[in-house]
Amino acid sequence: MKNQVCSKCAEGTYSLGSGIKFDEWDELPAGFSNVATFMDTAVGSTENKADSCSNSSWTPRGNYIESNRDDCTVSLIYAVHLKKSGSVFFEYQYIDNNIFFEFFIQNDQCKEMESTADKWVKLTDNGEWGSHSVTLKSGSNILYWRTTGILMGSKVVKPVLVKNITIEGVAYTSECFACKPGTFSDKPGSSGCQVCPRNTYSEKGAKECTKCKEEMYYADEGSSACIERPPCTNKDFFQIHTPCDKEGKTQIMYKWIEPKICREDLPDALTLPPSGERKDCPPCNPGFYSNASSSCTPCPPGTFSDGTQECKACPAGTEPALGFEYKWWNILPGNMKTSCFNVGNSKCDGMNGWEVAGDHIQSGAGGSDNDYLILNLHIPGFKPPTSVTGATGSELGRITFIFETICSADCVLYFMADINRKNTNVVESWERSKEKQSYTHIISKNASFTFTWAFQRINEGQDSRQFINDMAKIYSITVTNAVDGVASSCRACALGSEQSGSSCVPCPAGHYIEKETSQCKECPANTFLSIHQVYGREACIPCGPGSKSTKDHSACFSDCLVSYVKDNQSLNYDFSNLSQVGSLMSGPSFTSRGTKFFHFFNISLCGNEGKKMAICTDNITDVTLKDMVAESEDFSNFVGAFVCQSTIIPSDSKGFRTALALQSNSLADRFLGATVETMLENISIKTDMFPPSPSKIPDVHFFYKSSTVTTSCENGRATVVTMRCNPNKPDQGELSVPSSCPAGTCDGCTFYFVWESAEACPLCMEQDYHEIEGACKKGFQETLYVWNEPKHCIKGVPLPEKRTSTCETVDFWLKVGAGVGAFTAVLLIALTCYFWKKNQKLEYKYSKLVMTANSKECELPAADSCAIMEGEDNEEEIVYSNKQSLLGKLKSLATKEKEDHFESVQLKSSRSQNI
């Protein structure tokens, strides 16, 4: 440095010139620091947040550094001052999208540099290292590797791994760096150090590696010391089956796990068991035949075999059912391969990750317990049978496998799928021991698939083999409708009407094969064609209540019209105004550490000719996958369904500039029916799940099913959307979930929603209104029509307009008639009383005459004295009554013109006195 002359570094040292490199991660290198924060701004106190992340940090693991595994936000920070423009380069592994991984650069004023506008780091495939580089400006640069975990369930996130951080553009170094232990530099002027080979070691600054005494010691690649060899145990060897020989026999062989690190000459050490036991070979897998040889050969096109017999041609009117069915494991099939991988070392490179074992294939030994033991199956594409080529159903094929895991530690079996060799995504995973079970994955698009099974005994980085007896077993793998597949059976196909041969022809969409004629025939109306068979009328499955089939009979859907009849009451519903996608954000909910998140649902209720209009997308990929829009069909987290769900983390929850959507999945991809009944196809609704409806209008339930099978939902998910009439909620109304299940589900498999809206009311009918007649005014009368209150209907029959009719004005003559009628009634009553009194008086006179005659011994009176005349005194005693009777008063009123009137008297008979 005194002469400002660059000199070569000596042996055992290296220099990058104007750069620095960090490849030793036994401890955190000088200059690096960890900062952990809990980014949620809405929950708890600041003190609690700080304490909850105090133990979170990036952890050195020897050759690499590992990020945190929780939902804290942890930054690995390094500050560097550049004399000239340069760059930063690092290698990384990032396989879990439940972690958000950012790399960005700030200047000394804490402002992000323009060079890190695209700060999101892309995901890598399982077991592969990616690289990332960014240009740096001269001056102060603060580098941030920041991870934020999102724990939505009990699963621990897979950490981000970073190694070989190289920074170019620093001041020319004034010293050379010594090679780290396990590496060496044997030439002056080296820019890096080489790794010591196996069974050698080196200390820091070594010019060469020193060999171990291999009889007693061993060393892995890059070791800083030799390790004493332990006595051999049953964990140091494994069993395999040899390929079948010409006699149809296989031998059981025992082999040491390579590299062999144990000694057989120590006390209590085990020796390798004898090999060579011969057993009968298992038969060929279905679709293959042995042809009297030691190997199994695929059947030629157009033929089939069950694996035990020779290949035979399919009968006329049938075609081979192509696919693969692997249930015997003598050798690894040609379209499968196996490997072993470890993120921290290369011990198991070149090893078989899985070994065949007769009736199953099992995970191999590997080099250490945290190895990934890989098994791959490549399928170039999927093709449905010829007769259903025109169908547009959602299933092109399926893969089914039977497996079990036997574990004493925290082992994991991953099942992954790679579409068109772009990105491997985990479809499902199983932790710890699992009993023998079956799993099925549906293939919905024709593409090239690579299916991967990866088994890892433990996730912690360590070199020992404590759990070598933990293993995964796969008993069978079945793939249907595989391109270039083989056939174990034949299926019926349709024959062309003009062809006399046995060539199969594709049926048009929605057509089945008629058994009698083997001709294509269209399914009846409102039925859909089964995706599993097309032979016979029974292949057409009737649609559920309130549904109709699409034009191609590929599925059933609701046209938004539902009718209900009960007790002679007919109700018709029209949900057309609710056919647009409805959305619901339920929550908030919180993770164990308090991260706030919401459940977001999109619902495509009906209409749209059966198209699944509800779309859920993980928006984190908007910045990590630039070509997502152009290649959205290959994007695994783009979900289209009748009902879909996403988890939303608001922008204030993790300090991001926008809300994050993740874990998108389909809850409903098949419509079952719409009915007022509370059960359909074993999906039921509990009556107490939602508050009772305030009206007597019955709710309409839309039932859906999802074909996606998960470990917790063996029969797939189901969804019920309850449509409830509520006149107080116009237009789109309101969607809600049960109060007892804020996530929309209580068991994770069946989801319930209630959609309240005036648009969910039935169509109006004539009995929903009544008429009101007005008074007759000026010869006209109005009739009004009004809805019954409360109104529980929409659209339908319109309210009739006001009706006006003619009428007669009868007010005056009605009064005159009433007066005349009343007077006549009084007059008739008075006359009746008068004549009744007159009659009484005549009766009295007659009785008087009779009594007088009797008193005079029957002497007839003279003609002029037959009655008492006015002014004459009666010989009988007369008792006068001064009080006038009521009838007398009436009589006097009626005969006012007369001056005299008769008085009522009481006569005492003289005869009676004599007695």
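Summarised in this report is the structure supplied together with it. (Residues numbered from 1 in each chain as written. Predicted model: local features only at pLDDT ≥ 70, side-chain atom pairs only at ≥ 80, totals over all residues. Heavy atoms only, no water.)

**Examining the overall build of the protein**
Working step 1: When helices and strands are tallied, the protein shows 6 helices and 65 strands.
Working step 2: A total of 915 residues make up the protein; the buried ones form 43% of that total.
Working step 3: Put simply, 67% of the contacts in the protein that link residues at least 6 apart link residues at least 24 apart.
Working step 4: Of the roughly 48,900 Å² that the protein leaves accessible, carbon and sulfur atoms contribute 51%. (Helix = DSSP H or I, 4+ residues; strand = E, 2+ residues; numbered from the N terminus. Buried < 20%, exposed > 50% of the residue type's maximum accessible area, 1.4 Å probe, protein only. Contact = heavy atoms within 4.5 Å. Areas by Shrake-Rupley, 256 points an atom, 1.4 Å probe, with all protein chains shown as cover.)

**Brief notes about the environment of Trp-256**
Working step 1: Looking at where Trp-256 falls in the secondary structure, it is placed in strand β20 (residues 249-256).
Working step 2: A residue is classified by how much of its surface remains accessible, and Trp-256, at 13% relative accessible area, is buried.
Working step 3: Counting along the chain gives 22 residues from Trp-256 to Asn-234, while the straight-line C-alpha distance between them is 9.7 Å.
Working step 4: The contacts of Trp-256, once residues within four sequence positions are left out, are Cys-232, Asp-236, Phe-237, Phe-238, Cys-262, Glu-264, Leu-270, Thr-271 and Leu-272.

**Some words on unusual backbone geometry**
Working step 1: Backbone torsion omega between Glu-789 and Pro-790 reads -5 degrees, so that peptide bond is classified as cis.
Working step 2: Considering the arrangement of structural elements, one finds Pro-790 in the loop between β62 (780-787) and β63 (803-806).
Working step 3: The backbone of Asp-268 shows a phi angle near 65 degrees, a positive value even though the residue is not glycine.
Working step 4: With respect to the secondary-structure elements, Asp-268 resides in the loop between β20 and β21 (277-280).
Working step 5: With a phi close to 75 degrees, Cys-560 is a non-glycine residue in the positive phi region.
Working step 6: Along the chain, Cys-560 turns up in the loop between β45 (556-557) and β46 (561-566).
Working step 7: Accessibility expressed as a relative area gives 2% for Cys-560, which makes it buried.

**Digging into empty space enclosed by the protein**
Working step 1: Within this structure, the stated rule accounts for 4 cavities of 30 Å³ or more.
Working step 2: In this structure, the largest cavity occupies an estimated 160 Å³ of space.
Working step 3: Around the largest cavity sit 15 residues that line it, and Pro-159, Leu-161, Val-343, Tyr-372 and Asn-459 are the ones nearest its centre. (1 Å grid on protein atoms, 1.4 Å probe; cavity = no way out; pocket = protein on both sides within 12 Å on 5 of 7 lines; lining within 4 Å. Points joined across faces, edges and corners; volume = space filled by probe spheres on them.)

**Quick look at the packing of aromatic side chains**
Geometry of an aromatic ring pair is reported as the spacing of the ring centres plus the angle between the planes.
Working step 1: By the definition in use, this model includes 41 aromatic pairs.
Working step 2: Here the aromatic rings of Tyr-94 and Phe-101 are separated by 5.6 Å at their centres, their planes lie at 85 degrees, and the arrangement is edge-to-face. Phe-101 carries the same exposure label as Tyr-94, and that label is buried.
Working step 3: When the centroid spacing of 5.7 Å and the interplanar angle of 25 degrees are considered together, the rings of Phe-324 and Tyr-326 count as stacked. Note on accessibility: Phe-324 and Tyr-326 belong to one class, buried.
Working step 4: Each member of the aromatic cluster is reached from another via a ring pair, and the members are Phe-22, Trp-25, Phe-32, Trp-58, Tyr-78, Phe-90, Tyr-92, Tyr-94, Phe-101, Phe-103 and Trp-145.
Working step 5: The cationic tip of Lys-163 hangs over the ring face of Trp-129; the distance from NZ or CZ to the ring centre is 4.2 Å.
Working step 6: Sitting over the face of the ring of Trp-256, Lys-260 holds its NZ or CZ atom 4.4 Å from the ring centroid. (Phe/Tyr/Trp six-rings, centres within 6.5 Å; stacked < 30°, edge-to-face > 60°. Lys NZ or Arg CZ within 6 Å of the ring centre and 35° of its normal.)

**A short note on the side chain of Arg-724**
Working step 1: By secondary structure assignment, the location of Arg-724 is in strand β58 (residues 718-725).
Working step 2: Classification of Arg-724 by relative accessible area gives buried; the value is 8%.
Working step 3: Among the polar contacts made by the side chain of Arg-724, one reaches the main-chain carbonyl oxygen of Pro-691 at a distance of 2.6 Å.
Working step 4: The residues touching Arg-724, leaving out its near neighbours within four places in the chain, are Phe-690, Pro-691, Pro-692, Ser-693, Asp-699, Val-754, Trp-755, Glu-756, Ser-757 and Ala-760. (Polar contact = N/O pair within 3.5 Å; in protein donor to acceptor, adjacent residues only side chain to side chain.)

**Description of the nonpolar core**
Working step 1: By size, the foremost hydrophobic cluster in this structure holds 41 residues, and its most contacted members are Trp-354, Leu-377, Phe-401, Phe-451, Trp-453, Ile-474 and Ile-477.
Working step 2: Apart from the residues within four sequence positions on either side, Ile-474 is in contact with Trp-329, Trp-354, His-360, Ile-361, Leu-375, Phe-401, Ile-402, Phe-403 and Trp-453. (Core = buried A, V, L, I, M, F, W, Y, C linked by side-chain atoms within 4.5 Å.)

**Section: the state of the cysteines**
Working step 1: Tallied over the full model, the rule gives 17 disulfides.
Working step 2: Covalent S-S linkage joins Cys-196 and Cys-209, the inter-sulfur distance amounting to 2.0 Å. Here the S-S torsion is close to -85 degrees, and the disulfide linking Cys-196 with Cys-209 is therefore left-handed. Highlighted residues: Cys-196 in the loop between β14 (194-195) and β15 (200-201) and Cys-209 in the loop between β15 and β16 (210-211), separated in sequence by 13 residues.
Working step 3: The disulfide that involves Cys-284 links it to Cys-296, with 2.0 Å between the sulfurs. Across the disulfide from Cys-284 to Cys-296, rotation about the S-S bond amounts to roughly -85 degrees, and the bridge is consequently left-handed. With a gap of 12 residues between them, Cys-284 in the loop between β21 and β22 (288-289) and Cys-296 in the loop between β22 and β23 (297-298) connect regions that are remote in the sequence. (Disulfide = S-S within 2.5 Å.)

**Remarks on the sheet that holds β62**
To summarise the sheet geometry, strands pair through backbone hydrogen bonds and adopt either a parallel or an antiparallel arrangement.
Working step 1: Taken in spatial order, the 3 strands line up as β61-β62-β63 in an open sheet, and their pairing is antiparallel. In this open sheet, the two strands that pair with only one neighbour each are β61 (769-773) and β63. Across the sheet, the mean angle from the axis of one strand to that of its neighbour is 25 degrees, orientation sign disregarded.
Working step 2: In terms of strand pairing, β62 meets β63 through 4 bridges, oriented antiparallel. Across the sheet, residue Phe-780 finds its bridge partner in β63, namely Thr-806. (Pairing = 2+ DSSP bridges. Axes fitted to C-alpha atoms, helices over the stretch in contact; angles between N-to-C directions.)

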